[in-house]
Amino acid sequence: MAELERAYRAEATRLRATLARRLGDVGLAEELVQDAFVEALEHWGRDGLPPNPGGWLTTTAWRKAIDRQRRARAGQEKLTLLAVTQERSASRADQPDAASDDDLLSLVFACCHPALPADSQVALTLRTVCGLTTAEIAAAFLVSEQAMGQRLSRARRSLRDAGVPVRVPEPEQLGERLAAVLAVVYLVFNEGYLASAGRTPARRDLAAQAVSLGRLLHRLMPREPEVLGLLALLLLHESRSAARFDGWGRLIRLADQDRDRWDAGLAAEATGVLDRAVAMRRPGPYQVQAAIAALHAAAPDYEHTDWRQIRLLYGRLQIMTPSPVVLLNLAVATRFAVGPEAALAELEPLATELDDYRLFHATRAQVLAALGRTSDARAANERALALAANPAERELIARRLSNPGSVG
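On a predicted model such as this, the values are computed, not experimentally measured, just so you know.

Caption draft 1: Summary view of the overall build of the chain. Check the secondary structure of the chain and you find 19 helices and zero strands. Seen through its principal axes, the chain has C-alpha atoms that stretch 75 × 45 × 40 Å. Buried residues in the chain amount to 50% of all 408 residues. Long-range pairs, those at least 24 residues apart, make up 63% of the contacts in the chain between residues at least 6 apart in sequence.

The structure is reproduced here in structure tokens:
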């Protein structure tokens, strides 16, 4: 039913957030929203689409919440509060406002609570905030649907047992909670920008949700430079989205993208946001990554990118957040700033740590091809292909294998 699917995309996240904040239970909110849509499937199929689908769903979900409280013999005071909240929520269901934004931020902070392991924070955010199915999340994490269902259930239970409030933390607590939220929002964006697995190479809706969350966090903390840094980074990546795939759905390398299709307005907004962050003189890893993305955006073409400056920035990022993946990106910059031999010398020590990382082998293949070591490049590409799960990435690597002279 197309109307129900559109209503789900438009209303489910907002309704989950409102219910979770009012009821203080993320798992219960998910169940109530699911029950409301099941009822909608029956009623709308029989009676047609109501004049205000959002209001209908809100009223139905709150009625089910009250019914549950009655069955649990909750106090009359709480029942009265739920009833009043139901009326208010239904009346504004089609008028998103600051309260709805607060509800959504409250849900994000609950899903990213330190009581949960990092992978559970991401999974629960994808399920509860972004509305992905358990099967979709399982594919992203490369685990079975049953295993992911159990992980999500444990996460909800942990939040409930720990009595985690569904609300934005107090100002003095925001700092210690912010890092996890920023990390999860960035991971959600990356999953939308280039899916880790599944039939769809990219999820534009997911990337857009992450950008919206970045804007909400900026509204909440306008003077926090790393919030600004993350928002700038997401906007810069998003500004290139229209040029990343061709009409056949094939992935286009950054070097080959039509830069006239990049969104100059979005890139300019991002640069302004980054400038405000830098002016605060409290540098952080998201600001450094955004600065790297800004250099790509400013370059007239791939050849004339300021690779030396990008190499320096990756060196700074490695000091802030040491990681073999950062060193991998540093080696990419070294290839263009210094040469492929120097890049290969930086790549080889990473072989053990990144042996199961597809981009390590894909990068190494390009460097080897640039050095004329065609057979070694082919072996590296074959290893990258074996590890890749995204269909667009697999197709790109397959193209490289069919053109052994390629050094792109």
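Caption draft 2: Helix α16 (residues 340-347), seen in detail. Those residues of α16 not exposed but buried are Ala343, Leu344 and Leu347. Seen end-on, α16 carries its buried residues on one side only, within an arc spanning 100°. Away from its buried face by more than 90 degrees, α16 exposes Glu341 and Ala345. Those residues of α16 that are buried lie in contact with α15 (324-337) and α17 (358-370).

Caption draft 3: Representation of helix α12 (residues 264-279). An ideal rise of 1.5 Å per residue puts 22 Å on 16 residues; α12 measures up with 22 Å between its terminal C-alpha atoms. Taken as a whole, α12 has its buried residues at Leu266, Ala267, Ala270, Val273, Leu274 and Ala277. Along α12, the residues classed as buried sweep out an arc of 125° about the axis, all on the same side. Of the residues in α12, the exposed ones pointing more than 90 degrees away from the buried face are Ala264 and Ala279. Tucked into the core, α12 has its buried residues touching α10 (204-220), α11 (225-239) and α13 (285-298). The N-cap of α12, judged by a side-chain oxygen 3.1 Å from the amide nitrogen of glycine 265 a few residues on, is aspartate 263.

Caption draft 4: Here's a closer look at unusual backbone geometry. Phi at arginine 281 is positive, roughly 55°, even though this residue is not glycine. Its place among the elements puts arginine 281 in the loop between α12 and α13.

Conventions and cut-offs
Residues numbered from 1 in each chain as written. Predicted model: local features only at pLDDT ≥ 70, side-chain atom pairs only at ≥ 80, totals over all residues. Heavy atoms only, no water. Helix = DSSP H or I, 4+ residues; strand = E, 2+ residues; numbered from the N terminus. Buried < 20%, exposed > 50% of the residue type's maximum accessible area, 1.4 Å probe, protein only. Contact = heavy atoms within 4.5 Å. Arc of directions from axis to C-beta. Expected span 1.5 Å × (residues − 1). Polar contact = N/O pair within 3.5 Å; in protein donor to acceptor, adjacent residues only side chain to side chain.

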